[in-house]
Amino acid sequence: MQNNFLTTIRSLKIIDGCKGSQVYAFPSTSGAGTSGERPPPLRPNFSLRSKSVHYTQPPCHNHSLSILTDSMLPFGLPSVDTINPPIDPHLRPVDPVSTLADMYRRLAAAECDREADLCDLHLEQHSVLRSMNDLKLLRRALRAARVHASDVHRRVVLSAWLRYERREDEFVPAPAPLAPCTKTSPSLECPKATLYPDPPGMPLNPYCPCHPPASLIPSDSTRVRHRGEADADGDLWFIIGEEEVLCVRSCIAALSIPLNALLYGGFAEAQRDRIDFTHNGISVSAMKAVDVYSRTGQIDSLSPEIIVELLSFSNKFCCEELKANCDARLAAMVHGTDGALQLIEYGLEETSYLLVAACLQCFLRELPHSLHDPDVARLLCSPEGRERLEAAGNASFALYYFLSQVAMEEDMKSNTTIMLLERLGECAAPGWQRQQAMHQLGCVMLERGEYKDAQRWFEEAAKDGHIYSWVGVARAKYKRGHKYAAYKLLNTILDQFEPAGWMYQERSLYCVGKEKLNDLVTATSLDPTLSYPYKYRAITLMEEDKVGAAIVEVNKILGFKVSTDLLELRAWFFLAQEDYKGAMQDVRALMTLDPGYLFFHGKVHGDHLIEAMRGYVQQMDMADCWLQLYDRWSAVDDIGSLAVVHQMLAKEPNSGLRFRQSLLLLRLNCQKAAMRSLRQARNSTNARDERLVYEGWILYDTGHKEEALEKAEESINVKRTFEALFLKAYALGDNPFDDRKSADYVINILEAAVNCASDNLRKGQAFNNMGSIYVDIENFAVAESCYEKALGLKHTRAHQGLARVFYVTNRKKAAYDEMTKLIEKAKNNASAYEKRSEYCERENAMSDLNTATTLDPLRTYPYRYRAAVMMDDRREDDAIAELTRVINFKPDLQLLHLRAAFYESMHKTELAVRDCEAALCFEPTHGDTLDLYHRARGLKSEEPHS
């Protein structure tokens, strides 16, 4: 019987209908998975002239099945034609530092201008910061926009946006979109707080009405407002059909100027005590409610139907106070999507600002699911819907900015995304808003293959001043067959602006041979974080049958930037190299990052691929998995550890493994995936003490330290466990210790933790943390003992702590040797090289730091050290160039501050001021940068003007 990888995949019925060009084949094998024999290896022969791949049959096996037939797989080898980098769907300034500096200056000026719209400025800041790809900075900008939102509509939009970005942090999904907040929910996200103005004196510190301060809870005497005429005798009858409603003329007249004119002015009704209201569209019950309201000011006990009639009445007779009360009352009745869909029609018909805002809030808090509701989508996406929302004061650029980002995340090619971006363009003001709307429309059209429209939208954005959109114009021209025109356009950009990595990367698409490779080398040197150059070089090496070199090339970027596309590419290479174990590792790690990922051009689900490879990889039981996890964790092999945990979870799902998974994801800087795993750990355990611990970590990781400590204490009260005690110690040790007593307290907690049941991996971490505390209180002998215990439990990172002890106790050579041990053991060792540089002479230190930069160019300390050495050697221009090199692809507060200090010492105060302003755009309250900024501005003002 023929049993091979292809047969396995076909048996899973996951490739039916995929009949495109097949260029990647697995040979037939005999008896794989049945006799315990490893299946024969794959042996591809690559041809550069034709992009087909042929496989030679292993000589030791006789197969009757044609190799040519088997080569027709539904997924081919990765091709350079299928990996073109996407156009970034956000604003990308050609001079990030100057843009950030200008942003800070405008924000600072707006703080002193009461007429300025700070909310809009912070939204612009959010848009600019998206190219930095820093989630904390983006969230801070959104929070600032929400704080300064002066109108209900934008408060609704921005609070929903903040909640959407934080959706992975929640313990469990909210039972309803407008459910009351928990005690740890940020007040800026409270659905009630968005609909009502902040209390006087608290405009920038909104409280949560779900948990208001005691001073703001209304007393019984202030809960009900009376007009003082509740018991007045009626003197006016309104006739509706066959019935009459008795009212007080003066009270009805007081509702609005038109009613006052009707009842006391020159109209005939002023002389009558009975007025016919039969044809005014109001029922008897509603008119009675108008009478009650006119005398008492109360509508709280009325049904929604009656309040809707009152709303219509108030619009017809311009009763502003009555309309506001009806609006607020109906808004308070919105709880779910079904009710919101009914009430918003009344709100739009009567242009009720608050009611429409409340219904809109309900839809926004159920994104992205609400966009799949045809009624909601019709309102939010259609031009008519936008016009109706605008008439009710609830259409804005902020609204469609949020909606379009959600839609693009869901499906960039969908009609919904196109329509929302069109609405975004209709709401956009000239400048950055229009640039963003036009650019994003171009990106979506490009993805949809509508290249003529894409080129038109990109040109609109570029003409409005967004230089990066010319890249989109070039790409669209290239797709339309105008390759040379695209090449010339990129040449023009490179001639007119300071070269950047993305410029050379883009131009490389439009040239061939050595020129293309040279552009990609330049792109990597200017911006080593760009993935495309590595991927292109790797695939080119693979086509030359240099699969090992291709894997080495991908490893260069995977060492500091883990992403799904890079892991898939390396898995592909492992398969071609016959390394099924390596392929399985990367597939499992990738599935941890994105459980729904589809491999091989979106044709094969990861779970199916794992099942297909099972017969090619030695199977392990849970005991074997634990041993392998221990080894991988000790070797600081985070991707390998993720793969083992994924395999263990497939065998025996449990919350403890989910928790470990979250720790690994945090180490790989995959924040969202880490929070997802942590939430799954919390939701999958039945033990209350464990659930409290996981809730505590979620709270701690989202900035709620005190609440995290409360969860730890609560868990300890239920059951004293290692994890509960470790969490408590970790949270308490977060800040420097004020005295020896507080340090001893935390040490005692950790000692209690290691006496509880746990595995050695976690206990090694506890001993390592104890060592750090002992170093802080200068008890180096005990610290050394703790680190040695941690190393005895194979906690490899303890080498770094032990080296620190050796260094501060004047054993510099021992410190260097200790870090060398860490370098030899750790798979990810860029930080170890960086740390070892502190324990050797300058020449060796420079060598270590150069190695650290090669392994991880995102680490900023090596650049700062090298620049400082150059300044000491009076090589000022070289020092500036060293910092500029990294700032160009990673603007950073510390780097900008240091370069500003260098500029100040060189008497280039204008450049120093610019760098300070750019740094302060990241952190406006950074004390050292503020001092330098004020000093540089003072020096600048003293300079003579030419």
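Residues numbered from 1 in each chain as written. Predicted model: local features only at pLDDT ≥ 70, side-chain atom pairs only at ≥ 80, totals over all residues. Heavy atoms only, no water.

**Remarks on the overall build of the chain**
Selection criterion: The way it works is that DSSP assigns letters per residue, a run of H or I at least four long becomes a helix, a run of E at least two long becomes a strand, and they are numbered from the N terminus. Each residue gets one of three labels from its accessible area relative to the maximum for its type: buried under 20%, exposed over 50%, partly exposed in between, using a 1.4 Å probe on protein chains only. Residues count as neighbours in contact if any of their non-hydrogen atoms are within 4.5 Å of one another. Using a 1.4 Å probe, accessible areas were evaluated by the Shrake-Rupley method; residue-level cover was limited to the displayed protein chains.
Along its length, the chain carries 50 helices and six strands. Expressed as a percentage of its 946 residues, the buried residues of the chain come to 53%. Partitioning the intrachain contacts of the chain with sequence separation of at least 6 by distance along the chain shows that 59% fall at a separation of at least 24. Taken as a whole, the chain presents about 42600 Å² of accessible surface, with 49% of it coming from carbon and sulfur.

**With respect to the pattern of salt bridges**
How we decide: Any carboxyl oxygen of Asp or Glu that lies within 4 Å of a side-chain nitrogen of Lys or Arg is treated as forming a salt bridge with it.
Evaluated as defined, the whole model comprises 58 salt bridges. Notably, a salt bridge pairs arginine 106 with glutamate 124, separated by 2.6 Å at the nearest N-O pair. Linking arginine 106 in helix α3 (residues 96-111) with glutamate 124 in helix α4 (residues 118-129), this pair joins segments that are 18 residues apart in sequence. One salt bridge in this structure joins lysine 672 and glutamate 165, with 3.7 Å as the shortest N-O distance. Of this pair, lysine 672 sits in helix α35 (residues 671-684) while glutamate 165 sits in helix α6 (residues 152-165); the two residues are 507 residues apart in sequence, bridging distant segments of the chain.

**Here we look at the sheet that holds strand β5 (residues 274-276)**
Applicable threshold: Strands were regarded as paired on the criterion that DSSP finds at least two bridges between them. With axes taken as lines fitted to C-alpha atoms, and helix axes fitted only over the stretch in contact, angles between N-to-C directions fall between 0 and 180 degrees.
Spatial ordering of the open sheet is given by β4-β3-β5, a layout of three strands whose pairing is mixed. Each edge of the open sheet carries a strand with a single partner, namely β4 (243-247) and β5. Looking at each pair of strands side by side, their axes are set apart by 25° on average, direction ignored. Bridge count between strand β3 (residues 236-240) and β5: three bridges; the pairing is parallel. Each bridged residue has a counterpart across the sheet, and for phenylalanine 238 the counterpart in β5 is isoleucine 275. Sheet strands touched by helix α11 (residues 284-296): β3 and β4. Its angle to β4, the strand with the most contacts, is close to 10°.

**A word on the packing of helix α37 (residues 705-718) against helix α38 (residues 722-732)**
Any two packed helices are characterised by how steeply their axes cross, that is the angle between the axes, and by the distance between the axes. Threshold: For classification, angles of less than 35 degrees are called roughly parallel, those exceeding 145 degrees roughly antiparallel, those between 65 and 115 degrees roughly perpendicular, and all remaining angles oblique. When the near helix sits turned anticlockwise from the far one by under a right angle, the crossing is termed left-handed; a clockwise turn instead gives a right-handed crossing. Amino acids are sorted into nonpolar (Ala, Val, Leu, Ile, Met, Phe, Trp, Tyr, Cys and Pro), charged (Asp, Glu, Lys and Arg) and polar (every other residue, Gly among them).
Contact pair α37 / α38: the axes reach a minimum separation of 9 Å and the direction vectors enclose 155°. The orientation of α37 relative to α38 falls into the category roughly antiparallel. Helix-helix and strand crossings are classified by hand; for α37 and α38 the assignment is left-handed. Along its contact with α37, which presents Lys705, Ala708, Leu709, Ala712, Glu713, Ser715 and Ile716, the element α38 presents Ala724, Leu725, Leu727, Lys728, Ala731 and Leu732. Classifying every residue of the contact of α37 with α38 gives nine nonpolar, one polar and three charged.

**Observations concerning the packing of aromatic side chains**
As a reminder, the rule being used: Two aromatic rings from Phe, Tyr or Trp, using only the six-membered ring of Trp, form a pair when their centres are within 6.5 Å; if the ring planes differ by under 30 degrees the pair is stacked, by over 60 it is edge-to-face, and anything between is tilted.
Within this structure, the stated rule accounts for 27 aromatic pairs. Arranged with centres 5.2 Å apart and planes meeting at 80°, the rings of phenylalanine 397 and tryptophan 432 form a pair that is edge-to-face. Residue phenylalanine 397 is located in helix α18 (residues 397-410), and its partner tryptophan 432 is located in helix α20 (residues 432-448); the two are separated by 35 residues in the primary sequence. Taking relative accessible area as the criterion, phenylalanine 397 reaches 5% and is therefore assigned buried. The exposure class of tryptophan 432 is buried, given its relative accessible area of 10%. Through pairs of rings, three or more aromatic residues link up here, namely Phe659, Tyr694, Trp697, Tyr700, Phe722, Phe726 and Tyr730.

**Some remarks on the UniProt feature "repeat: TPR" (unreviewed entry) in the chain**
Definition in use: UniProt positions are given in the numbering used here, feature names are shortened, and annotations may be inferred rather than shown by experiment.
Residues given the UniProt feature "repeat: TPR" (unreviewed entry) here are residues 764-797. Secondary structure within residues 764-797 divides into 76% helix and 0% strand; the distance between the first and last C-alpha atoms comes to 9 Å.

**Digging into the UniProt feature "coiled-coil region" (unreviewed entry) in the chain**
When the UniProt feature table is mapped to this numbering, "coiled-coil region" (unreviewed entry) covers residues 809-843. Helix and strand shares over residues 809-843 are 66% and 0% respectively, and the end C-alpha atoms of the span are 23 Å apart.

**Regarding the nonpolar core**
Test applied: Buried Ala, Val, Leu, Ile, Met, Phe, Trp, Tyr and Cys residues form a nonpolar core when they are joined through side-chain atoms within 4.5 Å.
Of all hydrophobic cores here, the largest spans 190 residues; its most connected members are Met287, Phe313, Leu364 and Phe573. Not counting residues within four places of it along the chain, the set of residues in contact with phenylalanine 313 comprises Leu259, Phe277, Ile282, Met287, Val290, Cys319 and Leu322. By size, the runner-up hydrophobic cluster in this structure holds 58 residues, among which are Phe659, Tyr694, Trp697 and Ala753.

**Re helix α22 (residues 469-479)**
Every buried residue of α22 is accounted for by Ser469, Val471, Gly472, Val473, Ala474, Arg475 and Ala476. Buried residues belonging to α22 abut α20, α21 (451-463), α23 (483-496) and α24 (501-508). Just past α22, the residue glycine 481 takes up positive phi, approximately 100°.

**So, unusual backbone geometry**
Cis geometry is found at the peptide bond from leucine 367 to proline 368, where omega equals 0°. Looking at the secondary structure, you find proline 368 in the loop between α15 (353-364) and α16 (374-381). The phi angle at glutamate 578 is positive, at roughly 75°, despite the residue not being glycine. Structurally, glutamate 578 is set in the loop between α28 (564-576) and α29 (580-593).

**Here we look at the pairing of β3**
Of the two faces of β3, the one holding Leu236, Phe238 and Ile240 is buried and the one holding Trp237 and Ile239 is not buried anywhere. Examined bridge by bridge, β3 and β4 share five bridges and lie antiparallel to one another. Residue pairing in the sheet places isoleucine 240 in a bridge with glutamate 243 of β4. Taking the residues that link successive antiparallel strands as the turn, the β3-β4 hairpin has two residues, and the phi of glycine 241 there is positive, at about 65°.

**Remarks on the side chain of histidine 795**
For histidine 795, the location among the structural elements is in the loop between α41 (780-792) and α42 (798-808). Classification of histidine 795 as buried rests on a relative accessible area of 7%. Look past the residues within four positions of histidine 795 in its chain and what remains in contact with it is Leu761, Gly764, Gln765, Asn768 and Ala790.

**Here we look at the side chain of threonine 296**
Heads up, the condition is: Throughout this description, a polar contact denotes any pair of N or O atoms lying within 3.5 Å of each other; where both atoms belong to protein, one of them has to be capable of donating a hydrogen while the other can accept it, and for residues adjacent in sequence the pair is counted only when both atoms sit in side chains.
With respect to the helices and strands, the residue threonine 296 is situated in helix α11. Since its relative accessible area comes to 13%, threonine 296 is described here as buried. Within the structure, the side chain of threonine 296 is placed 2.8 Å from the backbone oxygen of valine 292, a separation counted as a polar contact.

**Some remarks on the environment of glycine 792**
By the secondary structure assignment, glycine 792 is in helix α41. Separated by 28 residues in the primary sequence, glycine 792 and glycine 764 have C-alpha atoms spaced 8.0 Å apart.

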